[in-house]
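What follows is each chain in one-letter form.
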Amino acid sequence: MTKQEFLTELQRTLNGRMGSREAASHISYYQEYIEIAVRKGENEAEVIEKLGSPRLLGKNIGDAFERMERKSSRKQRAAGYGLQALKYGGLIGRRCMQTGSEALRRAKDWFNNLK
């Protein structure tokens, strides 16, 4: 398998799993990896063979990407819930203060009427 065939197959696999921008960074990484190894004197075919199946590599990268996306999505939802809690917590706090102030005013009135 040539470098171009490897990268093309990896690209096809990644494009089905993530956006083109994310896939491009992985393609660029493996292209550079192969080129550096060849410049160091390694045989291109051997380097590609060591990397293994581009489909399997793409699947593993895609799986890791999807796990990160789910984790990020959970964090975003949790942050949203936290903001809601602050929003409603503030509302509840204000209502408690209003109720407490009203109760205090009534207690003062009641004590004043005892005199």
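Residues numbered from 1 in each chain as written. Predicted model: local features only at pLDDT ≥ 70, side-chain atom pairs only at ≥ 80, totals over all residues. Heavy atoms only, no water.

**Student:** What exactly am I supposed to notice about the packing of aromatic side chains here?
**Tutor:** This structure, assessed with the given rule, holds two aromatic pairs. Ring pairs connect the aromatic residues Y29, Y30 and Y33, which therefore count as one cluster. (Phe/Tyr/Trp six-rings, centres within 6.5 Å; stacked < 30°, edge-to-face > 60°.)

**Student:** Quick question: what am I supposed to make of the packing of helix α2 (residues 20–39) against helix α3 (residues 44–51) here?
**Tutor:** Packed helix pairs are specified by the crossing angle of their axes together with the interaxial distance, meaning the distance between the axes. Running from N to C, α2 and α3 point in directions that differ by 135°, and their axes come no closer than 9 Å. Put simply, α2 runs oblique to α3. Note that α2 runs across α3; the crossing there is right-handed. Listed contacts from α3 to Y30, Y33, I34, A37 and V38 of α2 are E44, V47, I48 and L51. Its residues assigned to classes, the contact of α2 with α3 shows eight nonpolar, no polar and one charged. (Axes fitted to C-alpha atoms, helices over the stretch in contact; angles between N-to-C directions. Helix = DSSP H or I, 4+ residues; strand = E, 2+ residues; numbered from the N terminus. Parallel < 35°, antiparallel > 145°, perpendicular 65-115°, else oblique. Left-handed = near helix turned anticlockwise from the far one by under 90°. Contact = heavy atoms within 4.5 Å. Nonpolar A, V, L, I, M, F, W, Y, C, P; charged D, E, K, R; others polar.)

**Student:** What am I meant to see in the pattern of salt bridges here?
**Tutor:** In the structure shown here, the tally under the stated rule is seven salt bridges. The partner of K50 in a salt bridge is E42, and the shortest N-O contact between them spans 3.3 Å. Among the residues examined, K50 registers a relative accessible area of 66% and is labelled exposed. Residue D63 is joined to K59 by a salt bridge in which the shortest nitrogen-to-oxygen separation is 2.9 Å. Here D63 pairs with K59, and both are found in helix α4 (residues 54–114), just four residues apart, close to one helical turn. Exposure remark for K59: the relative accessible area of 41% places this residue in the partly exposed category. Taken together, the shared-partner salt bridges connect R17, K59, D63 and E66 into one network. (Salt bridge = Lys/Arg side-chain N within 4 Å of Asp/Glu carboxyl O. Buried < 20%, exposed > 50% of the residue type's maximum accessible area, 1.4 Å probe, protein only.)

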